[in-house]
Amino acid sequence: MRYRDGRRSICVSSQSGCPLTCTFCATGAMRFGRNLTASEILDQALHFRRIEAVDHCVFMGMGEPMLSLDNVLEAARRLPDLGITHRRTTISTVGWLPGLTRFVDEVEEPIRLALSLHAPEDALRSGLMPVNERYPLAEVLAECRRYFALRRRKVFVEYVMLAGVNDRVEQARQLAELLDRRVFKVNLIPYNPTGAFDGSSRRAIDAFKAVLDRAGVPATVRLTRGRDIEAACGQLAASRDAAAA
């Protein structure tokens, strides 16, 4: 992903498929294959570095990184050899608590943490993300706050905007009350079509962000990249599997 400020960022996968079945994500509808090895993760970065220099990496592709934490960390710790420092590496999770707890306890390098949140309360989040039934919001957010207390680094919150589902102004107020503005920074993500939901309008996204802004919760709207080849956020899935379905 190329940005006007000169950043060259890559998004890498940690698994083939994903076992956690988030309803808005095309990968969640795939059959889970296996964890990728550290070498397979690094190969993704090497592929793009052969084209041009890269300096940022996000573990936000296929799979849940905290389910393959040893391989993910082994790969992340090698990224500086490719020109991507730890401070420019971000590992995302839907809130898989055993891995998240290990990450908070064990990772002393300044690797960033991101949380896929997508709802401000448990009932809605469980409907969108079945993992929330096992590890509810209060437990996951407590670990994120502990990360901030130990490492003094903010947690990025990913929030995909689904029309009529999680994009109402009152839900923005709930989110603002849920998140400590000193600990979290919100990244609002325009929904990329997978057939399951409709994406929020620009007007709805702007109204949602305005509530967060007034509450002092840092928030940005993510640029959409890769939608034309069905490789944007939430769209990663094998066309072969889709055709067979």
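Asks: So what about the pairing of strand 8 (residues 184–190)? Which residues, and what values?
Replies: Most of strand 8 is tucked away: 6 of the 7 residues are buried. Of the pairings in the sheet, the one linking strand 7 (residues 155–161) to strand 8 comprises 7 bridges and is parallel in character. Residue pairing for strand 8: Phe 156 is matched across the bridge by Lys 185. Handedness of the β-α-β unit built from strand 7, helix 7 (residues 169–178) and strand 8 comes out right-handed.

Asks: How would you sum up the nonpolar core? Please name residues and give values.
Replies: The biggest cluster of nonpolar side chains holds 69 residues, and the ones touching the most others in it are Phe 59, Phe 103, Val 186 and Leu 212. Ranked by residues supplied to this core, first place goes to helix 6 (residues 137–151) with 6 residues. If near-sequence neighbours (up to four positions away) are discounted, Phe 103 is found in contact with Met 66, Leu 69, Leu 73, Ile 91, Ile 111, Arg 112, Leu 113 and Tyr 147.

Asks: Residues and numbers for helix 3 (residues 97–106), please.
Replies: Turning to helix 3, its buried residues number three or more, namely Leu 97, Gly 99, Leu 100, Phe 103 and Val 104. Buried residues of helix 3, seen end-on, are gathered within an arc of 160 degrees and therefore sit on one face of the element. On its buried face, helix 3 is in contact with helix 2 (69–76), strand 5 (89–93), strand 6 (112–116) and helix 6.

About the thresholds
- Residues numbered from 1 in each chain as written.
- Predicted model: local features only at pLDDT ≥ 70, side-chain atom pairs only at ≥ 80, totals over all residues.
- Heavy atoms only, no water.
- Buried < 20%, exposed > 50% of the residue type's maximum accessible area, 1.4 Å probe, protein only.
- Helix = DSSP H or I, 4+ residues; strand = E, 2+ residues; numbered from the N terminus.
- Pairing = 2+ DSSP bridges.
- Right-handed = clockwise from strand over helix to strand, strands pointing away.
- Core = buried A, V, L, I, M, F, W, Y, C linked by side-chain atoms within 4.5 Å.
- Contact = heavy atoms within 4.5 Å.
- Arc of directions from axis to C-beta.

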